[in-house]
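# Survey of secondary and tertiary structure
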Amino acid sequence: MTSMNDSIDPVARPARFGLFGRCLRTSMTGRVGFGLVMFVVIVAIFGPLLTPYAPKDQSAMYAVGANARPSADHWLGTDRLGYDILTQLLYGARTALVVGLGAVLISGCAGILIGGIAGYRGGWTDEVLMRFAEFFLVVPIFIIILAVVRVLSKAVTGTAFETMPYFNLTVIILMIGLFGWAPIARMTRGEFLRIKTLEFVQAARCGGQSGRQIVLSEILPNAFPSIVVLIALEIGGAILAEAMISFLGFGDPNAVSWGQMLYFNYQSLKIWPMASLAPGFMIFITVLGFNLLADGLSDAANPRARRR
Amino acid sequence: METGRYILRRLIYAAIMMLCTSAVIFFLINSLGNPVELMLAETPGVSQETVDLISAQYGLDKPLIQRYFIWIGDLLRLDFGTSITYNLPVGGMIWSWGLHSMQIQIPAIILSVAVAICAGTWAARRQHSRQDFTVMGTVLLGQSMPAFFLGIILIYIFSFVLGWFPSYGAISTRRLLWGSALFDGLWHMVLPVAMISMFNIATLTLLVRTNMIDTLRQDFIRTARASGLKEGEIIRRHALRMVMLPVITYVGLLLGLMLGTSPVTETVFTWPGLGALYVMAIQQLDYPLIMGISIVIAVMLILMTTLTDILYALIDPRVRLE
Amino acid sequence: MSNNQPTRREFLQRVGIGAAAMTVPTVIWSPAHAAEPHFKIYLTIFNNQQTRMIWTDLIGKNIAELGVEVVTSYVPPSEVISRRANETGATYTEGGFDMYSERIYYSTMMPLPDVLFSKAAFPPFGKNFYRVEDDILEQAMETYSSSPDPQKRAEALKTFEHRWYDIQPLHMVFYPEDVIAINPDLEGFDATTYNPVFFPRPENWTITSATGPDVSAAFACWQPPTTLVPMYSSGYNESNIFGPVYNSLMEYDSWETKKAVPALAESVTASEDGLVWTIKLREGVKWHSGEEFTADDVIYTWDTILDPAYASVQNSPLVSTFGSKEAYEKVSPYEIKVTLPKYSILFEGLVLTSISIMPKHAYASIGPEEFRKHTISTWTSGFTVTTSDGRTYEAKGAVGTGPWIPAGFDAMRKAYRMVKNPDYWKETTGNVTEFFVVNIQGADAVLSALKAGEIDAHDPMYDIGTLVSTIEEDWGKVLTFDSYKWQQTCLNLKHPVFGTGVDTPLGKQDPSRAAEAAVYVRQAISHAIPREQIIKNLIAGYGKPGTVPMPVTAEEYDHDYLKPIPYDLDLAKSLMEKAGYKYA
C-alpha cells in the first residue's frame, strides 16, 4: 500500500470527490453509520406522517392514561406525561438533527475560518489563535452551557427574545456551536500548513493567483476530507450534549427532545421502562451512526493510515 | 536553557488565562443582579433599607470593577464567600463535595488507563484481525453511549433487578457493608466508576491503539525485532514508552477536568460530588457557589494542562519546537 | 413556523422529499392554534418537582385550547419568588408574574386565610402574592380572624369558602395525600411532616427488630436545609432537622386529632373578650446546656422576631398579632401576660403553636448579620455556651429544649445527627437513641434506600404515590395521611385580563363590568383544568380534586356547597364567550 502512494504524481491534485462514495464502498463501519444516519434522517422527515398525534399531545391522559402499555392506539405506549412515546421519538429526531446540524454549522464555519487564518498566515496570528483554541479545547462545556442557559433565560425577561419560539433550544445550539469550533480549527490549521507547502499550491502561486483564490480553490477543497470527518464526529457530540443538558432539566420545555423524555421518565423506570429506554436507545443509535460514519469517512480520506 | 524559557512562557500563558477566566465568570454571574435581594425575596416585610444595609455588609454597594478586585483578593486568600442557599462557607463546601468527586474520578481514570493500555495494545498487535474489529466496535459503541443512559441501565440491572450495588449516595447511613466504612465506600463507588470509565476507556483505547500502530512501524522497533527480541519484550520495553506520551496528556486533561465533568453521573447516582453541587447551585442561582465552583474548576484545568505540557516538554524536548 | 398537520401532509405529497428535507431545519411544529390568540399568559413552572412540572404544563395546554397563547418556561422557584414580591402587581412582561403553580398551606392546623390572602398582607410586607382583593372575601377573613366567638367564625369561614368557589381567584388543582413508605419494623410513626408544627418525632419511634441499647433511626428529606434557625425557615428541609430539637409553647398531640396541648406552657388562659392572655410556663424544663427555661427565653424569642433587623419570616404574623413589644410582659419567671391590641386568631393558631422558643442565654449574643451563618444555623462546627451559673456547654448545633440534642453534621454521610435528650421534660415511648436526617434526591433513590435498610421513613415531598406498586411488603409499609395542603395554580390578580378584566372585550365595552368579565375568564380557566385526570395519572389517585383554599379533610370544609369543578372545555368556552371572546 505504501508503494502505491509513493507512485502518486506529487504535482497532481489529490482526488477530492467521491469521499462519501469511497466511504460507502470501502468501509463497513461507514456503511453501517450511513445507514443509521439515513434512518434518523428519514424518521425526522417522514416521522410525522406515521403518527396521528401532534407532538406534546397529552390527550392520552383523558383516555388510556399515563405510563400505558402498548396498544393499537399507542404502539409503544404512553409515558409519564401522557405523551405517545412513538410520536415523541419521531419528532425528537428532528430536534436532534437540528441541534446536530445547527451546532456544527456554527462550529464548522468558525473553526474553518479561524483555523484557516492561523494556518495560512502563520507566525504571531497562528500563535495567538491557537492558544485561544487551546482554551476552548479543554474547557468543560457543560459547566459553561448550564450557566449561560440559566443566566440568559433570566436576562432576556421582558425583551423581544423572550417571545422567540424555541429560544432555549436556540441558545443551547448556539452554545454547543460556539464551544465546538476548536478541534475543527486545529485540524484546519494542520491541513492548511501541510497543503500550503505542496507543489500544486506552489504551482498555483507561481501562476499568479491571489491569496484568496489559492485558499478558496486550492487549499480548502483539499483540506476538506479531514474536516468532514471531524464534522461528522461533532454532529454526534452536539446531539449528545443537548441530550445531557435536557436530561439535567435545562432543556427547552417547548421542544420535543429525547433527553427531556429521559429527564421526565427515568424516575419511573421501574413502572414503565419503555418510556426511558426508547429515547435513550434513539440517542444512542443516532450518535453511533454519526461516529461510525466519521470512522468510515476517515478511512476513506486517509486510505493509508486506516483510522487516523 | 530553552526548556526553561518554554516553561516560563507556559506559566505566563496560564496566568493570563486564569485572569481572563476569572473576569468572565465574575462579570457573567454578577450581571444577574443583587444576590441579597434574591436571598431575602422569600422574606416578606423586608424594606429596601434593610436590603441596602445587608448589601453593604456584603460589600455589594461598591462599583463592579472594585468588587472584582476584592473578589480576586479574597480568592487569593482562599476565601470563597458564603453560600446564599446553604449559609455555609463555599470553600468548605467545594472541598468536601470535591473530595467526593475525586473519590470516583481518580479510580475511574486509573482503571481506564489500565484497561485501555491492555486493550489498545492487544488490538494494535492484531490490526485488521477479527479481535481488532471487536475491540474497535466496542470502543465505538462506548463512545456513542450517552453516559446517563448507561447509568440508568446500570441502575436498572445491577441495583433494581439484581440488587448487587446501591444506586445512590457515597456511603451507607447506618449499616455499613461488613461493618467497614472502606468496603462500604468501595461498594458505593462501583456503579459510578463503571459509568465514568466507560467513556474514558473508549477514548483512551483508541488513542493507545493508533499510537501503538504508528510506533510499531518505526525503525527502532524494526531494529529491535531484527536483533531478535521477543515481540512482548519490544512492546513493554520500547513501544509503550512512546505510546505513554499522548496518554499522559490525555490523563492530565482528565485530571484537570475531573471536578467538573460529571454532573450527569453524580445526578444519576445522587453522588454528593461537585458536579451535582454545581447543578444545584445553578438551579437555585446561588451566586457565590456558582462562582466558587467555576473558578476552582477553571484553575484546576489550567494548572493541569500547563503541568502536563511542561512535563511533556521535559520528557520529550522535541515538542516545544512544534 | 405554524404549519399544522394536514397542510404539511398535502405539501409533502405534492412536492416530495427534496422540499420536505428543506423543512427539517426548523423543528417544525407548533400546536394548531385558532387564528389570533385572545390574550397571552406567561406560565412559569417551578423546575424543582417533576410531577408538578408535568401537570402545570398540562393545564397550560388546556388553557391554550381556549384560544389563549400560553408561553411556558421552567424556572427555579427563587426566580418566581423574587418576581412575585413586587409592590405593584406587575405582570410577567413588566417583571412580575402571570401564572405559576405551587403547593401551599396555612402553616398551622387552624385555617388562617387572612395570612395568605388578606388585602393587608400585600407584598412585599405580607404574603398575599396574588393580590386577592374582593370585598366579600375581605370581610369574611376579617370577621373570622378578629372575632372570639366560634359561631361567628364558622359562619365567616363558610362565607369565605362560598365566595371563593364562586369567583375562583386562584385555582385549587388538588388536595394531595401524603404517601410515605416506612420500614415495616418501625412503630410509632403516626404523623406526616407539616412545617412548622409536625415533623418527625423519633422519640416515640420503636424499631421492633432492634436489639441492644443503641438503636438508630434515619429519616430522608430531599434537599439540604437552608438554615436551621426556626424563625428563618419556611420549608420542610429545615423543620425536619430543627423540629425535634426545639419546643413551642403549645404542641399538637397527634396528626389524627390535630388538637393543641400545652408544651412549654403549662396552661394558657384567656379573658372573656379574648384580649388578655395569661401563660403559665412549665417549671423545671432545662435547655440542652443545663440552663433553666424561663419567661425570659419566650420574651427574647418574640423580641427577636419582632425586630426587623433579624428579617424573620415570622415577623409579619407576629407584628399583626402583637402590634408592638408592649403587648407582652413578664409577670414572674414562669408567667407571661399578653394584652392583644385587638383579638386575633393568629395568637392561638400561630404564635402559641408554631413559634419555636430560642434560648436567650445561648443566642442573645449573636448579631442579626451572623445568625444565618452561625453554628446554630449550620450545625457544622461547635460553639461554647456559658450558663448563668458559670458552667460551659459545648454545643454541636442548635440549643433547644426538645427531645433531641444536635450532634453535628456528618460530612461523610451528608447527614445531620442527633442523640436523645436524657433530661427531656416529657415521657417518651420509643427505643430510638440516635437519629439521622439524610438528604436523598429523587423518589426512586429514597425507595432504594428504604429497601437497603438505610432509612426508616421519609418526608412527604417525594410524592412516591406512583411508585407504590414497586414497594414490596418485606421492606416497605405504605402509609397515607391527609396532607392538609393543596396544590394551586396562582394568578396575578392585577393582570388586565383575568385579574381586573379591563382588557377583556366585555371590560373594554363596559368598564363597570370588567371585574365580572375577569371572573368569567377565571371560571373558564378553572373548567379547563383536568383535575380528575391529573389525580389519576400523575399522583396515582392519592388526592382529591381542589375547589377552595381549605384542606378537604378539615372540619370547616363545606362539602355540601363545594362540589368538584368538572373538566369541560365547552363550558369553559361558553364562559369565555360571556367575557366577550368569540370562537369560530
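Residues numbered from 1 in each chain as written. Chains lettered and ligands numbered in written order. Predicted model: local features only at pLDDT ≥ 70, side-chain atom pairs only at ≥ 80, totals over all residues. Heavy atoms only, no water.

## Quick look at the UniProt feature "domain: Solute-binding protein family" (unreviewed entry) in chain C
In the numbering adopted here, UniProt assigns the feature "domain: Solute-binding protein family" (unreviewed entry) to residues 260–582 of chain C. The straight-line gap between the two end C-alpha atoms of residues 260–582 of chain C is 54 Å; of that span, 26% is helix and 21% is strand. (UniProt positions renumbered as here; feature names shortened; annotations may be inferred. Helix = DSSP H or I, 4+ residues; strand = E, 2+ residues; numbered from the N terminus.)

## Some remarks on the confidence of the model for chain C
All names here are of chain C. When the pLDDT values of chain C are averaged, the result is 87; 93% of them are 70 or greater. Predicted confidence is poor over residues 1–34, with pLDDT under 50, and the contacts of this stretch with residues over four places away or in other chains come to 45 contacts. Of the two predicted TM-score estimates for the complex, the pTM is 0.83 and the ipTM is 0.79. (pLDDT = per-residue confidence, 0-100. Contact = heavy atoms within 4.5 Å.)

## Quick look at the sheet that holds strand β13 (residues 335–339) of chain C
All names here are of chain C. The 4 strands are arranged β10-β11-β13-β12 in an open sheet whose pairing can be described as antiparallel. Across the chains shown, the open sheet's two edge strands, defined by having one partner strand only, are β10 (265–270) and β12 (328–332). Put simply, the sheet's adjacent strands are angled 20 degrees from each other on average, direction ignored. Where strand β11 (residues 276–281) meets β13, 5 bridges bridge the pair, whose relative direction is antiparallel. The partner of isoleucine 279 across the bridge, within β13, is isoleucine 336. Packing of helix α11 (residues 345–354) onto the sheet brings it into contact with β10, β11 and β13, and relative to β11 it is tilted by some 25 degrees. (Pairing = 2+ DSSP bridges. Axes fitted to C-alpha atoms, helices over the stretch in contact; angles between N-to-C directions.)

## Side note on the UniProt feature "transmembrane region" (unreviewed entry) in chain A
Residues and elements named next belong to chain A. Here, UniProt's "transmembrane region" (unreviewed entry) annotation points to residues 32–51, 96–120, 132–152, 164–184, 227–251 and 271–294. Its end C-alpha atoms 30 Å apart, residues 164–184 is made of 76% helix and 0% strand. Along residues 271–294, the helical share is 88% and the strand share 0%, with 37 Å between the first and last C-alpha atoms.

## Notes on the interface of chain B and chain C
With 33 residues of chain B at the contact, the number on the chain C side is 43 residues. Of the roughly 3500 Å² buried between chain B and chain C on both sides combined, carbon and sulfur atoms contribute 57%. The largest contributions to the chain B side of the interface with chain C come from Tyr168, Thr173 and Arg174 of chain B, which together make up 20% of the buried area. Connecting chain B to chain C are 0 salt bridges. Counting the contacts that link chain B with chain C gives 2 residue pairs in polar contact (both at pLDDT 80 or more). When residues in the side of chain B that touches chain C are grouped by element, the largest group, 3 residues, is from helix α5 (residues 90–125) of chain B. (Buried area = accessible area lost by both parts, 1.4 Å probe. Salt bridge = Lys/Arg side-chain N within 4 Å of Asp/Glu carboxyl O. Polar contact = N/O pair within 3.5 Å; in protein donor to acceptor, adjacent residues only side chain to side chain.)

## Considerations on helix α7 (residues 147–161) of chain B
Given 3.6 residues to a turn, an α-helix orients residues that are three or four positions apart in the same direction. All names here are of chain B. Between its first and last C-alpha, α7 extends 20 Å over 15 residues, near the 21 Å set by a 1.5 Å rise per residue. At isoleucine 155, α7 is bent by approximately 25 degrees, the largest bend along its length. For α7, every residue scored as buried is listed here: Phe148, Phe149, Leu150, Gly151, Ile152, Leu154, Ile155 and Ser159. Backbone geometry just downstream of α7 places glycine 163 in the positive-phi region, at approximately 70 degrees. (Expected span 1.5 Å × (residues − 1). Bend = angle between axes of the 7 residues up to and from the residue. Buried < 20%, exposed > 50% of the residue type's maximum accessible area, 1.4 Å probe, protein only.)

## A few points about the packing of helix α10 (residues 211–247) of chain A against α7 of chain B
Each pair of packed helices gets described by two things: the angle between the helix axes and the distance between those axes. The N-to-C vectors of α10 of chain A and α7 of chain B enclose an angle of 55 degrees; their axes lie 9 Å apart at closest approach. With respect to α7 of chain B, the element α10 of chain A is oriented oblique. Across from Ala243, Met244 and Phe247 of chain A in α10 of chain A, the residues of α7 of chain B making contact are Ala147, Phe148 and Ile152 of chain B. Looking at the contact of α10 of chain A with α7 of chain B residue by residue, the class counts come to 6 nonpolar, no polar and no charged. (Parallel < 35°, antiparallel > 145°, perpendicular 65-115°, else oblique. Nonpolar A, V, L, I, M, F, W, Y, C, P; charged D, E, K, R; others polar.)

## Considering the pattern of salt bridges
Residue and element names in this part refer to chain C. Following the criterion strictly, the structure yields 23 salt bridges over all chains and no others. Linking aspartate 134 and arginine 163 is a salt bridge whose minimum nitrogen-to-oxygen distance equals 2.8 Å. Of this pair, aspartate 134 sits in the loop between α5 (113–117) and α6 (135–146) while arginine 163 sits in helix α7 (residues 150–167); the two residues are 29 residues apart in sequence, bridging distant segments of the chain. Classification of aspartate 134 by relative accessible area gives buried; the value is 14%. Arginine 163 gets classed as partly exposed once you look at its relative accessible area, which sits at 23%. Through salt bridges with shared partners, one network takes in Lys119, Glu133 and Lys494.

## Remarks on the sheet that holds strand β18 (residues 434–439) of chain C
Residues and elements named next belong to chain C. Taken together, 5 strands build an open sheet; the order of strands is β16-β17-β18-β7-β19 and the sheet is mixed. Whereas interior strands pair on both sides, the edge strands pair on one side only; in this sheet they are β16 (404–410) and β19 (457–458). Here strand β7 (residues 216–221) runs beside β19; their pairing, made up of 2 bridges, is parallel. Across the sheet, the residue bridging to phenylalanine 219 is alanine 457, located in β19.

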